[in-house]
Amino acid sequence: MPPVVPSPDQIPFFEELTAAPRPRRPHLRIQPPLLADLTVRQRKAVTHESGPLLIVAGAGTGKTTVITRRIAWLIAEKRALPSEILALTFTDRAALEMVERVDRLVPYGQTDAAISTFHAFGDRLLREHALEAGLSDRSTVLSRAEQIILLREHLFELPLDRYRPLGDPTRFLSALVTLISRLRDEDISPASYLGAAAELRQRAADAPDDEVLAEEAARHAELSAAFDAYERLMRTTDRLDFGDQVGLALRLLRDHPSVLEEERARYRYILVDEFQDTNHAQWEIVRLLAEPHGNVTVVGDDDQSIYRFRGAALGNILGFREAYPKAASVVLVDNYRSRQPILDAAHRLIKHNDPDRLEAREGLDKRLRARLRFDRPEPASGPIEMVAFATGSDEADAVADRIDASMLAGRRAGDHAILVRGNREADPYLRALNMAHIPWRFSGTAGLYRQPEVRVLISFLRAVNDPDDSVSLYDLATSEIFGLAASDVTLALSNARRRRSSLAVALGDAVTDPERSPFSLRAIEVVQRLLGSLEAHRAMSTEKSSGELLYHFISGSGWLARLAHEGRETGEERLANVARFFEIVRRQGSLLRDDRLPFLVAQLDTLIETGDDPSTADVDPDDGDAVHVLTYHKAKGLEFGVVFMVGLIDDRFPGWNRRDALELPEALVSAPPSDADQHVAEERRLFYVGMTRARERLVLSSAQDYGGRRSRGVSRFVAEALDLPPATQPETIRPAVLEQLARHQASPTLPAAPAARPQLGGRPLSLSYGQINDYLECPAKYRYGHVVRLPTPASHQMVYGRALHAAVQAYHRLQLAGGAMSIDELHAALDANWESVGFLTREHEEARRITAREALSRFWDAQQRDPAQPTAVERDFTVAFGRDRLRGRYDRVDRDVAGRVVITDYKSSDVRDLGTANRRAKESLQLSIYALAHEAEHGSLPDELALHFLESGIVGRAEPTEKRLEKAQEQLTQAATGIRAHQFEATPSAMRCGYCPFREICPDASR
Ligand code: SF4
């Protein structure tokens, strides 16, 4: 068995810190060094003893290293238990990275510091104190698009007039949702807004000649009433929006001193990452929690504040010292990323934002100093190149050529990034990369619904739902699934139009009268298949949920299998997009009262209409096999060897200052709306962020002509960064005519370049038992289920198991809280968690439900006689396993008076004799993982592991022996090693494939 080794930078203090017995496993031998490799300034920041601390961390200066080492240092120095530390950040990815890095620093099982996003923290507060917050613990959180849908459904219940023009009643809905979001960011309640509107009305009444004031007062009167109505609507429908997760949490802390005290007592140290991105409400939460001790560390860089449009308040970082006049500060300027000339140029640029910068305000020196040595020599002309072209396509081709040359010189495709302002601007570069056969990965902020593989699914749903929807039927008929020739279908469609009928009727006629149709005999067969499929799915649609229907279509047509097959050769992006669309269908279905096709299609149409446009793929910084094409906002936090900042003309950079259509009353906002100067300053920061992504080379490029529109010249930021006279026009590079012609020979449609497979590289993995088990069963099954995340058909076994589990857990939760559940309540819990999906027939479903009720009755009877009381129910754990993490959830943990610990897992499978039950418990990898996790958390193994089979009531028992645990560790290592190496070869067998949810689409399935 390969040893489970400790992470080399773990710290040595835990064995003395914990009272637990000395752990026996090698991965618990903890080694330093925590501070040895830090610079003097980093060390000063990490070891700051107490009180407020502002860490100004420029780009590439090791911000995450400092914040994670500080957490570890606080624990090592026994200044706080891990659970007394709260670290807040903004994205799930950033939170995960922080958790992983702290895990590597702090020993096995001691890392229960609260590290999360602001939203997740607020959500936790609201659910834990749902009663005080006036919410249920099952409130649904709505996305922006879902907020618009809710408002649209209740549009005529809202007190709107000018903002609901009858000729176009939904025109202002999107703007209204933006306004609500801004109100949340600014911590403005409906009552405050109503109050401010009333004051405005009074002022307008006192100045009857001031028409502008009267107009403003009327606007805010209507908007504040609408906000108030929206708030009531959200509460009565038990919904939350993203802003609520912070805003209501803040209100909860303010209005309930006992909750505030509890939370204050819980956290002795608070750390905030990316502090420049906090909004007013988020900063208020931090201040409130930190008030008694002031142990608040914020890390940020005002020069990288680029989220004003999301409510980020630059004033928070600029004004930190006003809140904490005695705060210590550390400025990190040692840069471990870029060459010095790149840093100098970036600094020259950002100085133009003075005096509204910390450097100017606080008299700091924020010039970054390059500390990294590069293997390649610096180009003689310097690492920054400014290039200009006649047209946008010349520019795109030149970028592709340069990347090609750079790859020939030994760089990987993934060392290059092309930064674009928006999704649409990426197209010419993607096309040029295709022409040069260079793989790319585009990470935009939108575009899922426009992908061909997703569009066809939407068309299918629409065509089944509405037989007269000729557009969707056309799309489906000519899609890769049915493959009819577009010219033939167009002809059929024109015939249909002439006769004022639909395409469906024309296709039906073609089948009944092939002689007069435009289709060949072979195509007629396809038309027949298409119409038959639509008819069959229409019939099913009354019974099946939308997700089931869609799954039936893509698996039954063989298309999913084809995609899976193709995915092995050309990358899994298309499969991943299909999987993402399924998630949306399921999510939307769950929001509907009735998840049937007509309602789902209406919901999807509204989502798309309201501008919901999810992104396709996320950039993976470890992905070395494809050029990264991404927006500036997506690039934040990443770094690349060579960065191309393209399209740098003055009307793109700075872009237009788009003010919110509906603005807040000035009296209520902490920062005034963005004026022209502030807008340019924000755009300059965005440019700065782009420049500081580059390690070795930075190319600043522009063209004079983008699609017929003459530009206004090169972006002023280029001149500022390179210290050129304003309005400098670089010499234009023109490709030779022959070269230009050659490029137009063929223009492949997007996407042609294969998407690279993700490389997991050296990143720590976070694995659950389910993932490990899937991998060990068949690596291909793991890939389908956890990498591509393919949808699986709804299964009745899953419904049955989940509902039984949920009922048993509800029983134990009440028991833990000191209550007792009646048998009727237990059955009601079963019903509440039952879903009518995946069953063969209604009779089948009824029979299963009766079995479940009987099993629960037996469980209830047994519990009445059992004196044991669980000490934990449904408790999550996360522990380190070497460099990786194991996560899971104990169903039930008991500790009897003698201190014996028993971990139980409930099973819904049918085991009817004690011998089999005991054998299953002994062989259970899941139970061994629980034993290892328990040992990691508490320093000792549990005394007994149990599988409780709910159908029979039989409990299989086993002891965690060293032999079994060693075997489990071997299996864990095997899975982690294989997953990290991206080894996903199938291991088919008749038995395994027979139960595999991917057997229909898996090309390797044993049949
Ligand atoms: S069908 Fe068989 S070979 Fe394919 S993924 Fe499932 S278990 Fe593996």
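Placed above this text is the structure.
This one's a predicted model, so the numbers in the text were calculated from it and none came from an experiment.

Caption draft 1: Fine view of the overall build of the chain. The number of helices and strands found in the chain is 41 helices and 24 strands. The buried share among the 1007 residues of the chain stands at 54%. For the chain, restricting intrachain contacts to residue pairs at least 6 apart in sequence, the fraction spanning at least 24 positions comes to 76%. Counting every atom, the chain has about 44200 Å² of accessible surface; 50% of that belongs to carbon and sulfur.

Caption draft 2: Broad picture of the sheet that holds strand β1 (residues 53–57). An order of β3-β2-β6-β7-β1-β8 is seen for the six strands of this open sheet, with the pairing classed as parallel. Each of the sheet's edge strands pairs with one partner strand only, and the pair in question is β3 (114–117) and β8 (328–332). Averaged over all pairs of adjacent strands, the angle between their axes in this sheet comes to 15 degrees, without regard to strand direction. Relative to β3, strand β2 (residues 85–89) is paired through four bridges, and the arrangement is parallel. Note that in β3 the partner of Ala87 across the bridge is Ile115.

Caption draft 3: Expanded view of the side chain of Thr39. Within the secondary structure layout, Thr39 lies in the loop between α1 (14–17) and α2 (40–46). Non-local contacts of Thr39, meaning those with residues more than four positions away in its chain, are made with Asp334 and Tyr336.

Caption draft 4: Local environment of unusual backbone geometry. Put simply, Asp354 and Pro355 share a cis peptide bond, and its omega is 10 degrees. Position of Pro355 relative to the elements: it lies in the loop between α16 (340–350) and α17 (358–362). Cis geometry marks the peptide bond from Phe653 to Pro654, where omega comes out at 10 degrees. Inspection of the secondary structure assignment puts Pro654 in the loop between β15 (640–645) and α30 (676–691). A positive phi angle is found at Asp238, which is not glycine, with a value near 55 degrees. Residue placement: Asp238 occurs in the loop between α10 (211–236) and β5 (239–241). Residue Asp723 is not a glycine yet carries a positive backbone phi of 60 degrees. As for its position among the elements, Asp723 is in the loop between α31 (716–722) and β18 (732–733). For Asp723, a relative accessible area of 58% puts it in the exposed group.

Cut-offs and rules
Residues numbered from 1 in each chain as written. Predicted model: local features only at pLDDT ≥ 70, side-chain atom pairs only at ≥ 80, totals over all residues. Heavy atoms only, no water. Helix = DSSP H or I, 4+ residues; strand = E, 2+ residues; numbered from the N terminus. Buried < 20%, exposed > 50% of the residue type's maximum accessible area, 1.4 Å probe, protein only. Contact = heavy atoms within 4.5 Å. Areas by Shrake-Rupley, 256 points an atom, 1.4 Å probe, with all protein chains shown as cover. Pairing = 2+ DSSP bridges. Axes fitted to C-alpha atoms, helices over the stretch in contact; angles between N-to-C directions.

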